[in-house]
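# Structural characterization, general
Single-letter residue listing:
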Amino acid sequence: MDAKIQTQERLDDLLRDFAELRERSVGYPCNLDFDYTTLLPFLSYSLNNVGDPFHDSNLQSNTHKIEREVIHTFADLMHLPREQAWGYVTSGGTEGNMYGLYLAREMFPDGVVYFSQDTHYSAVKILRVLKVRNIMIKSQDTGEIDYDDLRETIRINRDAPVIFLANIGTTMKGAVDDVSKVQDILGDLAITSHYIHADAALSGMILPFVDDPQPYGFDNGFDSVSISGHKLIGSPLPCGVALTRSEYVARIARSIEYVGVLDTTLAGSRNAITPLIMWYAWRQHGMDGYREIVAECLAVAEYAVERFNECGIPARRNKNSVTVVFPKPSDTVVRKWQLAPYENIAHLITMPHVTREVIDRVLVDCLEPGTIQGTRV
Ligand SMILES: *Cc1c(COP(=O)(O)O)cnc(C)c1O
């Protein structure tokens, strides 16, 4: 057969698979409700955001100006005055976490990183790469950190600076660590050298839009934050934002003559399309749009909890969370709906494309006899 036709068939098959999978994507926190076709012409150019977006570059085919606007939008969201803010668009939440913990270690080379059992798997890898001392703290059943264990562990290690990795929405249960309680602990123990990095991959795009958020932001002690772009914002390409105070970054900056840039980012060549995608998403929705989107996601999450409970399946969610946790159903159901399993639980996440009707269909499958382990319905 003609190679050209074969190539086209392969592509068509792939596309068909993805279209079909989209209908059953309820387990992972990626918003699939978007349309970026306006941006397709940008794929005709080789664009590269190498270097510091706040610094000149020899390479002119970049979207640094757009990227700076994205960073300023997130600075506003995270209550960091724009003139004190620095950041860049990353390859995803993991790179943002690595960046924050890297800055923390440069600031406190003999510091200890404290993080809960419910922390995203990227943290352990990052801590190994950075070779920084670290201690895992117990979690409560809700997924929030155990503050008594945190206090006691910091107390024993009082001589070392504290680097706290705060979960602003845990991966599995959507729990938020209370940074004001953590600050109280640091105050009580008279710890003056401390740094708080917030992993706000998902909930960084939720808390700014609810009426009664848990404490978050630089006014509540964040020193850096990582937020994913392919989660609630809905970017078809993985990306994220690393945001911190510009004064911290000055310590690690190095000027590179070859590309005429300031080498402050982890990656060298960087994606120039993803800043454009996030910028475009903000232009389309704005603060008010996201407030509505988040309100609807939370309403559907509450609907899911109520419907599951009415049918005898113990489902629950944390405050301001779109993550609905319930006993793990059969492997068939997990696979069909791409649910995220962990030990004896599973979760679904009510991103904008997950409607009440989709919830009803998932529920029907979970109610098949023998589907939910240990639950008779
Ligand atoms: C998704 C997620 C990450 C990692 O983000 P990537 O964009 O996949 O690198 C980190 N932390 C939490 C809590 C997450 O949910």
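Here's what I pulled together on the structure shown here. It should be emphasised that the depicted structure is a prediction, and the values quoted were computed from it without experimental measurement.

### Quick word on the overall build of the protein chain
- The secondary structure content of the protein chain amounts to 10 helices and 12 strands.
- Taking 2.2 N^0.38 as the reference for a compact globule, 377 residues should give roughly 21 Å; the C-alpha atoms of the protein chain span a radius of gyration of 22 Å, in line with that estimate.
- Over its C-alpha atoms, taken along the principal directions, the protein chain stretches across nearly 65 × 60 × 40 Å.
- The buried share of the protein chain, reckoned over its 377 residues, is 54%.
- Sequence-distant contacts, at least 24 apart, represent 71% of the contacts inside the protein chain between residues at least 6 apart.
- Accessible surface, the protein chain: about 17700 Å² in total, of which carbon and sulfur atoms supply 50%.
- Side-chain charges in the protein chain split into 36 positive and 50 negative, and the spacing between the mean points of these groups amounts to 3 Å.

### What about the packing of aromatic side chains?
- Inspection of the entire model under this criterion finds 13 aromatic pairs.
- Relative to Y248, the ring of Y195 lies with its centre 5.9 Å away and its plane at 45°, an arrangement referred to as tilted. On the criterion of sequence distance, the pair formed by Y195 in strand β5 (residues 194-199) and Y248 in helix α7 (residues 246-249) is long-range, its members being 53 residues apart.
- Since its relative accessible area comes to 11%, Y248 is described here as buried.

### Overview of the packing of helix α8 (residues 273-310) against helix α10 (residues 356-366)
- Look at α8 against α10: their axes get within 10 Å of each other, and the N-to-C directions meet at 25°. In this view, α8 runs roughly parallel relative to α10, as classed from their interaxial angle. α8 and α10 meet at a crossing whose hand is right-handed. Along its contact with α8, which presents E296, A299, V300, Y303, A304, R307 and F308, the element α10 presents R356, I359, D360, V362, L363 and C366.

About the thresholds
- In this numbering scheme, every chain counts its residues from 1 along its sequence in written order.
- For a predicted model such as this one, the threshold for reporting local features is a pLDDT of at least 70, and the threshold for listing and counting side-chain atom pairs is 80 or more; totals across whole chains, interfaces and linings nevertheless cover every residue.
- Side-chain measures here rest on the full set of heavy atoms in the structure, leaving out hydrogens and waters.
- Only runs of H or I of at least four residues qualify as helices and only runs of E of at least two qualify as strands under DSSP, and these elements are numbered from the N terminus.
- Only C-alpha atoms enter the radius of gyration; for comparison, a globular chain is expected to reach 2.2 Å times N to the power 0.38, where N is the number of residues.
- Here's how the labels work: a residue is buried when its accessible area is under 20% of the maximum for its type, exposed when over 50%, partly exposed in between, all with a 1.4 Å probe on protein chains only.
- Contacts were defined at the residue level, with two residues in contact if any of their heavy atoms lie within 4.5 Å.
- Per-residue accessibility takes into account occlusion by the displayed protein chains alone, with areas from the Shrake-Rupley method and a 1.4 Å probe.
- Only four residue types enter the charge count: Lys and Arg as positive, Asp and Glu as negative, with His and the chain ends excluded.
- In this description, the location of a charge corresponds to atom NZ of lysine, CZ of arginine, CG of aspartate or CD of glutamate.
- For Phe, Tyr and Trp, where Trp contributes only its six-membered ring, two rings pair if their centres lie within 6.5 Å, and the inter-plane angle classes them as stacked under 30 degrees, edge-to-face over 60, or tilted in between.
- Geometry is summarised by axes, namely lines fitted to C-alpha atoms with helices restricted to the contacting stretch, and by angles between N-to-C directions that run from 0 to 180 degrees.
- Small angles under 35 degrees read as roughly parallel and large ones over 145 as roughly antiparallel, with 65 to 115 read as roughly perpendicular and the rest as oblique.
- Each crossing gets its handedness from the near helix: less than a right angle anticlockwise from the far helix is left-handed, clockwise is right-handed.

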